[in-house]
Amino acid sequence: MLLTRYERMIARRYLLPGKGERFIVLVAGFSLGAVMLGVAALVIVMSVMNGFRAELFDKIVGLNGHAVIQGVGGRLPDWRAIAAQARATPGVISALPLIEQPLAATYNGRAEAVLVRGMRVEDIRANPSLRGKVVAGSFASVTQGSNRIAIGSRLAEMLGAQIGSEIALFNPQGQTTPFGTVPRIVSYQVGAIFEIGVYDLDKAYVVMPIEDAQTLLLMGDAASMVEVQTTDPDRVGEILAPLAGRIGGQAVIADWRSMNAELFDALAVERVAMFTVLCIIILVAAFNIASSLIMLVRAKTRDIAILRTMGAGRAAMLRVFMAVGTSIGVLGTLAGLLLGFVFLFYRQGVVGIVQFVTGQNLWDPSVRILTELPSQPDPVEIALIVAMSLLFSFLATLYPAWKAANTDPVQVLRYE
């Protein structure tokens, strides 16, 4: 929308009315503030929800892979052949043996349910969800036959354990004797404490070399599953379809979507619902722009009539008032983007301040799953938010600008 020099001058004059028109300035300020808050709310909420999903995906899939090949009855005796077939499948990056078994852990009279995870030593150190997440000790001490394990930070807190503590793992499926099954209890020393960042994982995981897990669970040389990483997690079902036909009867394949379907579906629904609700804020802001422009047109009716008699056309008046309303929308959008990015940058500090003021724990990891408030701005979504805000602001100017353009100078100036 190109304005001539005098149209720009009039638009600036109407954006900053004189002393007797402060009420119009106040209404326009409220309109700008509403746009700013609407844009900021959308940027903050959508970025946090994107970050929440991305963090969950990275941490959960980082531990369990894009898919797992699970043995029937929880055992996979021929895991080497199955892993080789998986690696030979086009689109598969890696296939690693795993053992996962829920057990119980005790220390100093405290007992907690745990999930024992047996992995090859090199896989423990290379796992992206575990690498760099050690808060005490070292994975270097967790080796085959060392009788050392790594546990999650929340589990260490609940048991009161620390590096060097002797934790007993209780396996109810022990050896069979003439007097019945004798549960197997084995003590291990804590060699490392890690924090993945997902509360449910940090409070349950016990990581050990796969050979030690096989000994603890009396599994011989078997594994319980093979973890598979693919080139495209969104096409994991299509990539592994040929493999599923070859191993049918020996094992079943479960991908990340089926294992976490309820969680990710709920996040997707909530994301759409929040976007829709927050769009209403920007829509209300657009109505505010329309109302402020209508008031401005009513206040400037005499000026408009004079300009019309001096030669200003209807199109000029239309452009002037559209420029005024669109300028409010643009300024509000830019301010909203700035406010949103500042909030996201200092989000943990803001949460801490609110918690201190209210005395409430706003981000309880046991409820929120993640230990910190995540954030991942999406440039495409932000561009969509900006475009939507500017579109609503532009549409809000049409009716007031049309009314201004259709002002009849004869009727206005008849009695002047």
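Our subject is the structure listed above.
Residues numbered from 1 in each chain as written. Predicted model: local features only at pLDDT ≥ 70, side-chain atom pairs only at ≥ 80, totals over all residues. Heavy atoms only, no water.

Visitor: What exactly am I supposed to notice about the packing of aromatic side chains here?
Guide: One pass over the full model with this rule turns up three aromatic pairs. On the basis of an interplanar angle of 85 degrees and a centroid distance of 4.8 Å, the ring pair of F345 and Y346 is categorised as edge-to-face. Exposure remark for F345: the relative accessible area of 63% places this residue in the exposed category. Judged by relative accessible area, Y346 falls into the exposed class, the value being 51%. (Phe/Tyr/Trp six-rings, centres within 6.5 Å; stacked < 30°, edge-to-face > 60°. Buried < 20%, exposed > 50% of the residue type's maximum accessible area, 1.4 Å probe, protein only.)

Visitor: Where do I start with a nonpolar patch on the surface in this structure?
Guide: Taken together, the side chains of I294, L318, Y399 and W402 present a nonpolar region at the surface, about 390 Å² in accessible area. Topologically, W402 is positioned in helix α15 (residues 379-405). Using a relative accessible area of 47% as the deciding quantity, one classes W402 as partly exposed. (Patch = residues over 30% accessible without salt bridge, like charges linked within 9 Å, V, L, I, M, F, W, Y side chains within 5 Å. Areas by Shrake-Rupley, 256 points an atom, 1.4 Å probe, with all protein chains shown as cover. Salt bridge = Lys/Arg side-chain N within 4 Å of Asp/Glu carboxyl O. Helix = DSSP H or I, 4+ residues; strand = E, 2+ residues; numbered from the N terminus.)

Visitor: Mind showing me how you'd approach the side chain of E381 here?
Guide: Position of E381 relative to the elements: it lies in helix α15. Here the side chain of E381 touches N50 through a polar contact of 2.8 Å, side chain to side chain. If we skip the residues at most four places from it in the chain, E381 touches M46, N50 and R271. (Polar contact = N/O pair within 3.5 Å; in protein donor to acceptor, adjacent residues only side chain to side chain. Contact = heavy atoms within 4.5 Å.)

Visitor: Can you walk me through the pairing of strand β5 (residues 148-152) in this structure?
Guide: Consecutive side chains along a regular strand alternate between the two faces of the sheet. β5 sits mainly inside the fold: four of its five residues count as buried. Relative to strand β8 (residues 205-209), β5 is paired through two bridges, and the arrangement is antiparallel. Opposite I151, over in β8, you have V206 as the bridge partner. (Pairing = 2+ DSSP bridges.)

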